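Here is how the chains run, residue by residue.
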Protein chains: 4
Amino acid sequence: MKFEISSELGYDVRIPTTFIFSIQVSKSPNQTILEELLTIDPYIPVEEFISASGESRFFRLKADYQAHFSVSYKATVDVKHQMVNQLSSDNTTPVDELNTDIIPFLFPSRYCQSDRLQRLAFKEFGQIENPFARVLAICDWIFTNVEYLSGSTGTSTSAIDTLSERAGVCRDFAHLAIAICRALSIPARYFTGYAHNLTPPDFHACFEAYLEGKWIFFDPTRLAAVNGLVKIANGRDAADAAVASIYGNAAITHMNVSCQAMDPSFEPFLYQNGATQGLSYQ
Amino acid sequence: MKFEISSELGYDVRIPTTFIFSIQVSKSPNQTILEELLTIDPYIPVEEFISASGESRFFRLKADYQAHFSVSYKATVDVKHQMVNQLSSDNTTPVDELNTDIIPFLFPSRYCQSDRLQRLAFKEFGQIENPFARVLAICDWIFTNVEYLSGSTGTSTSAIDTLSERAGVCRDFAHLAIAICRALSIPARYFTGYAHNLTPPDFHACFEAYLEGKWIFFDPTRLAAVNGLVKIANGRDAADAAVASIYGNAAITHMNVSCQAMDPSFEPFLYQNGATQGLSYQ
Amino acid sequence: MKFEISSELGYDVRIPTTFIFSIQVSKSPNQTILEELLTIDPYIPVEEFISASGESRFFRLKADYQAHFSVSYKATVDVKHQMVNQLSSDNTTPVDELNTDIIPFLFPSRYCQSDRLQRLAFKEFGQIENPFARVLAICDWIFTNVEYLSGSTGTSTSAIDTLSERAGVCRDFAHLAIAICRALSIPARYFTGYAHNLTPPDFHACFEAYLEGKWIFFDPTRLAAVNGLVKIANGRDAADAAVASIYGNAAITHMNVSCQAMDPSFEPFLYQNGATQGLSYQ
Amino acid sequence: MKFEISSELGYDVRIPTTFIFSIQVSKSPNQTILEELLTIDPYIPVEEFISASGESRFFRLKADYQAHFSVSYKATVDVKHQMVNQLSSDNTTPVDELNTDIIPFLFPSRYCQSDRLQRLAFKEFGQIENPFARVLAICDWIFTNVEYLSGSTGTSTSAIDTLSERAGVCRDFAHLAIAICRALSIPARYFTGYAHNLTPPDFHACFEAYLEGKWIFFDPTRLAAVNGLVKIANGRDAADAAVASIYGNAAITHMNVSCQAMDPSFEPFLYQNGATQGLSYQ
């Protein structure tokens, strides 16, 4: 499926400030960039780099004192989602067989304090044997029990907060789901991307769980069709995959994001009750 | 300097349980392993692996239902610490020039919520220009204001907790220091190792800050001579570098650790007031 | 019903230290003290006082440097519990009709952060119309979802912590229940007392909710029969009704508590599913 | 000193909602109300009451579905502040001599977790012998280390948060000061009132500490002259003394507050370094 995506971010810079952006779509055998254009206006040189894991692309730039600038990005991307069958078995990959580069996604992280949620996770989801069903149940629970409420949370909000306050945005939904998965020894990682027809238009955050040797995609907000996503970055949580990390002092002045499937016959795919097929972005 | 180190850990296992241990010393041009012996009694096969960054060694094993086993490790290691001069300049590496694999050590992590400590960090340490002096001041502040108190904290204790409660152990001292460094845009990472003559004998945790292109070692507990350490692992915080991560259910039955410099003329090195030379373990 | 209760607490005192104890049973038309004996050994004068609300008795004493002393208390008490019928209506006393001295029991307190639990309370219990049934459902939920685990919590543990960690002791169960009640605009207060045949013997904590003009008793731990309790104190939470508040430095050396119904035919009363009668200690 | 004060609050009410307001000035031998007018527009009957301690006045009203109403209050008040001398001795009232109705102001409360701040309080302020000087030092420390920043905090923000984040408004400054005082066994209570010429005009929050048998007034924000305050309410913290507690669903539409000393020669009084006289509102 081909997508046209674009984003634009503008900033007022008060002191010399370094920005690290993660808004470019990632490259993989399943996600081919057909066209891509990054523009900084007025021109500032950028340095591109990828994360150690290769999952995420970043670019860095330094803006001077009292600058105003905007970053705009456009791309056409061909995404080949993979349907993964036979997720209905009662086996997940046990920790002693996990590929060792997956292990860090079992560890607690800044916004996903899985170390504190083990009893809760087992009480609520421990009786579900099949791991794919278990992650679907976690997503359902969060969708049912947490209210999507713009502006209710901030950059310091963590899974523990969301569990108490029961409100948040896509980032908070993903953090809580990841924390519960890890508490159950299911590796889980944060995902940021563009989402087809997201309303209101914005960057989107959700997560992937590692099941039967594949990273399977889940969106506990149900705001995006799982086959309507284009990956920007993965990480342990939002600390690893911020749209913009700012070292200095700057205020955002505007942000526009869009993402459209190019084929008008695009059919959104959402998990149904009792689903046994998962969608992978690997 | 050569060191003889050893450690032994015993466990009672209640259900089939996977262990990931990080107790072997790391290998680097500056740290040569002359001899090494790892024994599991009774015998269980282990799988060794290193972290993606290459900084840390792990081994994994799976113990059966109702097993009792012990892990014992002995090594003779030659550590070449590096003294780093000219840390007295007023420049640190700015974020826009940092090697990109260093950037993740600026991000907040599970136990080091640097995102919440920016005002505190600037209020307390912002007036110190020289970055090495700044990190020394952070260590002094923690040593003076936080009480070393065994048993006062647990596996969920974070930098924010330690800042309020003002008590903790080596792990907590390191987490607080790392969080404050990152809040000031100084990359910092967690360090675990063996420490010469540590009293009482135990594994030790401290941290490294990235200054003038080198990882410089600091110990805010002042319990270990900085030239008396042998590195096991680095990570963002204790989530990445636990001595033992346990997936299942097991209770520790005993732990013995020792570390001795082999040269009886070993002279402990501690930073003095106004120091301009740092010690690196890179 | 008559009860024989006793308690003894011993302390090692390191510096001159003031103690405020709340271990004497409270006096009310429904709770008559037939005999009572308080002994401090060696003798220290005590000053008795009651809380502003009259619900709680305290005594205060000052122990000198390096003293060792013990407090022992014995009483025979006649408790007339009141069964409250007709709790099955769909009406509770609305806030605009509440007696004004009840209003503070709607406010959040140290260990009961009801201000943060409103969405959770309405999501989980908002659909239950009858207020008595609602409080019973809160107790059931806590009994089912929180593990009673001695030593898992401490004096700083709050309702928010228990909600995440899902473990605690009687004090923590009560705090969480109180916080959820208040989030639903049901006044709730903390209760400490002696409990018939509590195993292991200890002081007990539970709570009262204000329904149909009466304080109705609930025990989410289900460890005590609701008709087997003798009241010591009420308060907003454990901050108001600590067994011992210590200003100085002292270590507890021993504690013994016992409580027995004097009539061998005592029949423990526990709420059944669909109960419409509540028990009051007012 | 005479003051003219006024306040007006408007609300849009979405469902039948009960309001408890605390905006009327309190009555005491030192604070005489010369004139007072409370208007609800359109008219809704109100029920006035005072707190159990007599320190605070409240009125309660019930607004119907889809109402819009405003509350306006005007008063002329004569306040006789008391200067308290001889606060320079090294003695404070020890806990064993405190009047028993003062004792609850030693306990931790919702927003003032003094139980967690004992080590911090002793480390930072334990070496100051004189209790009045100690409280002045606490206020100075907060003024210096916490940034006054409108909008940085919310209704769930507590002393522990402010200690980490180092930003807040008058309410947060007061909570942190109260928590530290209580951790040092100095009774402290929250104070809300009107403040002469406060910029921008608003209700004000600060605190009183109990020294030498008097409640002495302190304002760690330094925004108000201590002799320019008119008391509305006292309480353990903001949970007891909210300007408006709302049970239902309503949105504030406007708020205006003013307070002026009537004598044009009013001279603001602020504590100087080394002050030994405190100002009391008792």
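Given the structure is predicted, the values throughout are model-derived calculations rather than measurements.

Asks: I'd like to hear about the pattern of salt bridges, residue by residue, with values.
Replies: Throughout the structure, instances matching the rule amount to 64 salt bridges over all chains. Measuring nitrogen to oxygen at the nearest pair gives 2.8 Å for the salt bridge that ties Arg 57 of chain B to Glu 36 of chain B. In this pair, Arg 57 of chain B is assigned in strand β5 (residues 57-63) and Glu 36 of chain B in strand β3 (residues 31-41), connecting sequence segments 21 residues apart. Residue classification places Arg 57 of chain B among the buried positions, given a relative accessible area of 8%. Residue Asp 96 of chain D is joined to Lys 62 of chain C by a salt bridge in which the shortest nitrogen-to-oxygen separation is 3.9 Å. Here Asp 96 of chain D is found in the loop between β7 (82-84) and α1 (118-125), whereas its partner Lys 62 of chain C is found in strand β5 (residues 57-63) on a different chain.

Asks: How would you summarise the relation of the copies chain A and chain C if you had to cite specific residues and measurements?
Replies: Between chain A and chain C, the superposition needs a rotation of 180° and an axial shift of 0.0 Å, giving an RMSD of 0.0 Å. Both copies of the chain, as the preceding transformation shows, are related through a two-fold rotation axis.

Asks: Can you tell me about the environment of Glu 267 of chain A, naming the residues and giving the values?
Replies: The residue Glu 267 of chain A is located in the loop between β15 (250-261) and β16 (278-280) in this model. The sequence separation of Glu 267 of chain A and His 204 of chain A amounts to 63 residues, and the corresponding C-alpha distance is 19 Å.

Asks: Break down the interface of chain A and chain B for me, with residues and values.
Replies: Opposite the 29 residues of chain A that make contact, chain B presents 29 residues. Contact between chain A and chain B buries roughly 2500 Å² in total, counting both sides, with carbon and sulfur atoms accounting for 56%. It is Asp 96, Arg 110 and Tyr 247 of chain A in chain A that bury the most area against chain B; as a group they hold 24% of the surface buried on that side. Counting across the interface, chain A meets chain B through six salt bridges. Taken together, the connections running from chain A to chain B amount to twelve residue pairs in polar contact (both at pLDDT 80 or more). Those elements that provide at least two residues to the side of chain A that touches chain B are β2 (17-21), β4 (47-50), β5 (57-63) and β14 (244-247) of chain A. Classifying every residue of the side of chain A that touches chain B gives eleven nonpolar, eight polar and ten charged.

Asks: How would you sum up the sheet that holds β5 of chain A? Please name residues and give values.
Replies: Residues and elements named next belong to chain A. In spatial order, the strands read β4-β5-β2-β14; together these four strands make up an open sheet with antiparallel pairing. Each of the sheet's edge strands pairs with one partner strand only, and the pair in question is β4 and β14. Across the sheet, the axes of successive neighbouring strands diverge by a mean angle of 20°, strand direction being ignored. Two elements, β2 and β5, share five bridges in a ladder whose sense is antiparallel. By the bridge assignment, Phe 19 is partnered in β5 with Leu 61.

Asks: Which residues make up the environment of Gly 235 of chain A, and what values go with them?
Replies: All names here are of chain A. Topologically, Gly 235 is positioned in strand β13 (residues 229-235). With relative accessibility at 5%, the residue Gly 235 sits in the buried group. Distance from Gly 235 to Pro 94, taken between C-alpha atoms, is 22 Å for residues 141 residues apart in sequence. The contacts of Gly 235, once residues within four sequence positions are left out, are Phe 105, Arg 189, Tyr 190 and Asp 240.

Asks: So what's going on with the pairing of strand β13 (residues 229-235) of chain D? Residues and values would help.
Replies: All names here are of chain D. Burial of β13 is extensive: seven of the seven residues sit out of reach of the surface. Note: strand β10 (residues 188-195) against β13, six bridges, orientation antiparallel. Bridging from a neighbouring strand, Thr 192 pairs with Ala 233 of β13.

Asks: Pulling in residues and values, what's your account of the packing of aromatic side chains?
Replies: The full count for this structure, using the stated rule, is 84 aromatic pairs over all chains. Between the aromatic rings of Phe 125 of chain A and Trp 141 of chain A, the centroid separation amounts to 6.4 Å while the plane-to-plane angle is 85°, which identifies the pairing as edge-to-face. Taken together, the positions of Phe 125 of chain A in helix α1 (residues 118-125) and Trp 141 of chain A in helix α2 (residues 131-145) put the pair 16 residues apart, joining distant regions of the chain. Taken individually, Phe 125 of chain A and Trp 141 of chain A each receive the classification buried, so the pair is uniform in this respect. Ring centres 5.6 Å apart and planes at 25° place the aromatic pair Phe 207 of chain C and Phe 218 of chain C in the stacked group.

Rules and cut-offs
- Residues numbered from 1 in each chain as written.
- Chains lettered and ligands numbered in written order.
- Predicted model: local features only at pLDDT ≥ 70, side-chain atom pairs only at ≥ 80, totals over all residues.
- Heavy atoms only, no water.
- Salt bridge = Lys/Arg side-chain N within 4 Å of Asp/Glu carboxyl O.
- Helix = DSSP H or I, 4+ residues; strand = E, 2+ residues; numbered from the N terminus.
- Buried < 20%, exposed > 50% of the residue type's maximum accessible area, 1.4 Å probe, protein only.
- Least-squares fit on C-alpha atoms with pLDDT ≥ 70 in both.
- Contact = heavy atoms within 4.5 Å.
- Buried area = accessible area lost by both parts, 1.4 Å probe.
- Polar contact = N/O pair within 3.5 Å; in protein donor to acceptor, adjacent residues only side chain to side chain.
- Nonpolar A, V, L, I, M, F, W, Y, C, P; charged D, E, K, R; others polar.
- Pairing = 2+ DSSP bridges.
- Axes fitted to C-alpha atoms, helices over the stretch in contact; angles between N-to-C directions.
- Phe/Tyr/Trp six-rings, centres within 6.5 Å; stacked < 30°, edge-to-face > 60°.

In short, geometric facts, not functional conclusions.
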